[in-house]
Amino acid sequence: MASFLDPWIAFIAAHPWLGYLTLFLAALLEAIPVLGAVIPGSTIILALGALVPGGELRLGPVLAAAIAGAMLGDGMAFWIGHRAQRKILSAGPLSNYPRLVARSEAFFHRWGTLAVFFARFVPPIRAFVPVTAGALGMPPLNFFAVNIPAILLWAAAHVLPGVLAVSALHEYAGIPHHTGIGKHYWILTVTGGALLAALAAWIIRRRRRHMITSAPEGNDTR
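We now turn to the structure provided with this report.

1. Some thoughts on the pattern of salt bridges
Pairs can form between side chains of opposite charge whenever their charged atoms are close. Tallied over the entire structure, the rule returns three salt bridges. One salt bridge connects Asp74 with Arg120, and the closest N-O pair in it is separated by 3.1 Å. Taken together, the residues span a long stretch of sequence, with Asp74 in helix α4 (residues 59-84) and Arg120 in the loop between α6 (114-119) and α7 (129-135) at a distance of 46 residues. The exposure classification of Asp74 matches that of Arg120, with both residues buried. For Arg86, the salt bridge goes to Glu105, with nearest N and O atoms at 2.6 Å. Of this pair, Arg86 sits in the loop between α4 and α5 (98-111) while Glu105 sits in helix α5, placing them 19 residues apart in sequence. When its relative accessible area of 14% is taken as the criterion, Glu105 is described as buried.

If you want it as structure tokens, here you go:
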């Protein structure tokens, strides 16, 4: 893995704008309904945070790219829902995800305006709540008043762990910055954790489907 990561890190260092563009697109696509359920945007942002301590990327632009992508994605989803109203929830690509749409509606009805804030930290409904909020008639001012602070906190929570983790490895584990080993540890940990979480979610979904399909039918009362 180190032989793969070293050229990748060197390439990002030589072309930092590609790193910032990747961060922007990861945050943007993760906020779009349907795509956000499959794009590992959070994993990409967490991993790229490891490139800040060594100077391959700078903290300010990294945060700005993540914030801009998330704001654009959430804003687009909200305005689509706001213009199309409730019919958007059962039309087009959203019609293929009735359970996620139902979960998003239930989440919104339970938490009201705060659902927009909390959903930023709850995948995969993070990608469905903005469009749901718009479709259910949430006023734009209320949406953006909650959404913007949520995105600012979300961006810091996704970027800073990588910065702090790699800095701690260099500072307390005695790993020099130029070796890149700290970046390798962090990126591999994040990627491995994401794969394990995806595997666990897949197993749980399969077991639930199996339980539903194998459940005995109710007694016939005819």
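Don't stop here, the text continues.
2. What about the nonpolar core?
Residues Ile88, Leu94, Val116, Ala133 and Met138 are the most contacted members of the largest nonpolar core, which totals 24 residues. Listed by contribution, the elements that provide at least two residues to this core are α4, α5, α6, α7 and α8 (140-172). Residue contacts for Met138: discarding those within four places in its chain leaves Phe78, His82, Phe108, Thr113, Val116, Ala133 and Phe143. By size, the runner-up hydrophobic cluster in this structure holds 20 residues, among which are Ala65, Ala70, Trp154 and Val163.

3. Describing a nonpolar patch on the surface
A contiguous nonpolar surface patch, about 300 Å² in accessible area, is contributed by Trp17, Leu21 and Leu25. Among the structural elements, Trp17 can be located in helix α2 (residues 16-30).

4. Considerations on the packing of α2 against α4
Helix packing geometry: the angle between the two helix axes and the distance between the axes. Packing of α2 against α4 leaves a shortest axis separation of 7 Å and a crossing angle of 30 degrees. Taken together, the axes of α2 and α4 are roughly parallel relative to one another. The chirality of how α2 crosses α4 is right-handed. Together, Tyr20, Leu23, Phe24, Ala27 and Leu28 of α2 and Pro61, Val62, Ala65, Ala66, Ala68, Gly69, Ala70, Leu72, Gly73 and Met76 of α4 make up the contact between the two elements. Its residues assigned to classes, the contact of α2 with α4 shows 13 nonpolar, two polar and no charged.

5. Quick word on the layout of surface pockets
A volume near 160 Å³ is recorded for the second largest pocket. Lining the second largest pocket are Ile32, Pro33, Val34, Met76, Ala77, Ile80, Ile88, Ala91, Gly92, Pro93, Leu94 and Val131. The element best represented in the lining of the second largest pocket is α4, accounting for three residues. Split into classes, the residues belonging to the lining of the second largest pocket amount to eleven nonpolar, one polar and no charged.

6. What to know about α4
Relative to the 38 Å expected for 26 residues at 1.5 Å per residue, α4 spans 38 Å between its end C-alpha atoms, a close match to the ideal helical length. Looking at the residues trailing α4, positive phi occurs at Gln85, about 65 degrees.

7. A word on the side chain of His158
With respect to the element layout, His158 can be found in helix α8. A relative accessible area of 12% means that His158 is categorised as buried. In contact with His158, other than residues within four places in its own chain, are Ser42, Ile45 and Leu46.

8. Quick look at the packing of aromatic side chains
To describe a pair of aromatic rings, you give the distance between the ring centres and the angle between the ring planes. For the coordinates displayed, the defined rule picks out nine aromatic pairs. Aromatic side chains Tyr97 and Phe128 sit 6.1 Å apart centroid to centroid with 50 degrees between the ring planes, which places their arrangement in the tilted category. Taken together, the residues span a long stretch of sequence, with Tyr97 in the loop between α4 and α5 and Phe128 in the loop between α6 and α7 at a distance of 31 residues. The exposure class assigned to Tyr97 is partly exposed, which follows from its relative accessible area of 28%. Plain terms: the ring middles of Phe117 and Phe118 are 6.0 Å apart, the flat faces sit at 85 degrees to each other, and that makes the pair edge-to-face. What makes Phe117 partly exposed here is its relative accessible area of 22%. Feature note: the residues Phe78, Trp79, Phe143 and Phe144 constitute an aromatic cluster, connected by ring pairs. Lying across the ring of Trp154, Arg120 places its NZ or CZ 4.6 Å from the centre.

What counts and what doesn't
- Residues numbered from 1 in each chain as written.
- Predicted model: local features only at pLDDT ≥ 70, side-chain atom pairs only at ≥ 80, totals over all residues.
- Heavy atoms only, no water.
- Salt bridge = Lys/Arg side-chain N within 4 Å of Asp/Glu carboxyl O.
- Helix = DSSP H or I, 4+ residues; strand = E, 2+ residues; numbered from the N terminus.
- Buried < 20%, exposed > 50% of the residue type's maximum accessible area, 1.4 Å probe, protein only.
- Core = buried A, V, L, I, M, F, W, Y, C linked by side-chain atoms within 4.5 Å.
- Contact = heavy atoms within 4.5 Å.
- Patch = residues over 30% accessible without salt bridge, like charges linked within 9 Å, V, L, I, M, F, W, Y side chains within 5 Å.
- Areas by Shrake-Rupley, 256 points an atom, 1.4 Å probe, with all protein chains shown as cover.
- Axes fitted to C-alpha atoms, helices over the stretch in contact; angles between N-to-C directions.
- Parallel < 35°, antiparallel > 145°, perpendicular 65-115°, else oblique.
- Left-handed = near helix turned anticlockwise from the far one by under 90°.
- Nonpolar A, V, L, I, M, F, W, Y, C, P; charged D, E, K, R; others polar.
- 1 Å grid on protein atoms, 1.4 Å probe; cavity = no way out; pocket = protein on both sides within 12 Å on 5 of 7 lines; lining within 4 Å.
- Points joined across faces, edges and corners; volume = space filled by probe spheres on them.
- Expected span 1.5 Å × (residues − 1).
- Phe/Tyr/Trp six-rings, centres within 6.5 Å; stacked < 30°, edge-to-face > 60°.
- Lys NZ or Arg CZ within 6 Å of the ring centre and 35° of its normal.

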